[in-house]
Amino acid sequence: MTDAESDIQRLMVETITEKFYAGRGRRRGTHFETLVGIIISQNTNDKNTLKAITQLRRRVGIDPDSILSAPKEEIINCLRPAGLYNVKAPRIIELARRVKEELGGSREIEKMSEEEVSKFLSKIKGIGPKTVDVFMAFSKGADIVPVDTHVSRVSKRLGIADEKDDYFKIRKKLENLLPTGKRLEAHLAIINFGRRICIARRPKCPICPVERYCPSKKLFYPLK
Ligand code: SF4
């Protein structure tokens, strides 16, 4: 890639970050609660995530002991508003079991280094690199760009990533364009942009702030 091309990509990401970053939101609770929240939030929106977390907190409790002593059906019922409850409940139970058995409790997560947490979480079935990265960025302050479905789609449409790029390649390419300290902001802004403008089915290119530079615009609006 030429310097001019990478300058344009940087400009597009900076523009999106500037216009679509709406703050970090409030994340309360322990590291264990954050992890459970990330699992619940997979493939659903914030409203449904909040409903499920609230139910789980009230009816079961969000700590390894409470999760492990509750009937699985009860956990599933709490997670229903967030969908995929039959997948998410076993993941949360497995997380609670590993935290309890291997770490002795959730407080240990708070004390672990970035590297230790990342290694521990990566070994848990159902916790993929995105979940690990979101946790690391929000709870441990890691300077990375987690790649969710919106970040992946937007990066490919902007020509930053290739169709065949895997998770780590996309993340690396984005991080190369962003100064340190701005990566989580960019992650959140791109998600917002992907939900509102560069939507999956029919992106709103005519009102997109980077349409004059985007190589994909002509695919969706060939006559404009
Ligand atoms: S021009 Fe269209 S395809 Fe390109 S980033 Fe904007 S909305 Fe997405």
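Residues numbered from 1 in each chain as written. Predicted model: local features only at pLDDT ≥ 70, side-chain atom pairs only at ≥ 80, totals over all residues.

Chemist: Can you walk me through the domain arrangement of the protein in this structure?
Modeler: Interface size is commonly expressed as the accessible surface area that is lost when the partners come together. Each assigned domain of the protein is listed here: domain 1 (3–22 + 146–216) and domain 2 (31–139). Placing a centre on the C-alpha atoms of domain 1 and another on those of domain 2 gives a separation of 28 Å. With 6 residues of domain 1 at the interface, the matching set in domain 2 holds 5 residues. Across the side of domain 1 that touches domain 2, the residue classes break down as 4 nonpolar, 1 polar and 1 charged. (Domains from an automatic or database assignment. Contact = placed C-beta atoms within 7 Å. Nonpolar A, V, L, I, M, F, W, Y, C, P; charged D, E, K, R; others polar.)

Chemist: What am I meant to see in the packing of helix 2 (residues 31–40) against helix 9 (residues 129–139) here?
Modeler: Relative placement of two packed helices is described by the angle separating their axes and the distance separating the axes. Relative orientation of the contacting elements helix 2 and helix 9 amounts to 140 degrees, with a least axis distance of 10 Å. The pairing of helix 2 with helix 9 is recorded here as oblique in orientation. Pair helix 2 / helix 9 crosses with right-handed handedness. Of the residues in helix 9, those in contact with H31, T34, L35, I38 and I39 of helix 2 are T131, V134, F135, F138 and S139. Of the residues belonging to the contact of helix 2 with helix 9, the class tally is 6 nonpolar, 4 polar and no charged. (Axes fitted to C-alpha atoms, helices over the stretch in contact; angles between N-to-C directions. Helix = DSSP H or I, 4+ residues; strand = E, 2+ residues; numbered from the N terminus. Parallel < 35°, antiparallel > 145°, perpendicular 65-115°, else oblique. Left-handed = near helix turned anticlockwise from the far one by under 90°.)

Chemist: I keep staring at the nonpolar core and nothing clicks. Help me out?
Modeler: Considering soluble globular proteins, one finds that nonpolar side chains tend to be buried as a cluster. Ranked by size, the top nonpolar core spans 28 residues in total, and within it L79 and I92 carry the most contacts. Among the secondary structure elements, those contributing two or more residues to this core are helix 2, helix 3 (46–59), helix 5 (72–79), helix 6 (85–103), helix 8 (114–122) and helix 9. With 6 residues, helix 2 is the largest single contributor of residues to this core. Setting aside residues up to four positions removed in sequence, I92 forms contacts with V36, I39, I67 and I75. Of all hydrophobic cores here, the second largest spans 26 residues; its members include F20, V154, L177 and L178. (Core = buried A, V, L, I, M, F, W, Y, C linked by C-beta atoms within 7 Å. Buried ≥ 20, exposed ≤ 12 C-beta atoms within 10 Å, placed from the backbone.)

Chemist: Explain helix 2 to me, please; I cannot follow it from the model alone.
Modeler: Helical geometry note: an α-helix holds 3.6 residues per turn, so side chains three or four residues apart project in the same direction. Most of helix 2 is tucked away, with 8 of its 10 residues classed as buried. Looking only at helix 2, the buried set comprises H31, F32, L35, V36, G37, I38, I39 and I40. Looking at the buried positions of helix 2, the neighbouring elements they touch are helix 3, helix 4 (64–69), helix 5, helix 6, helix 7 (107–111) and helix 9.

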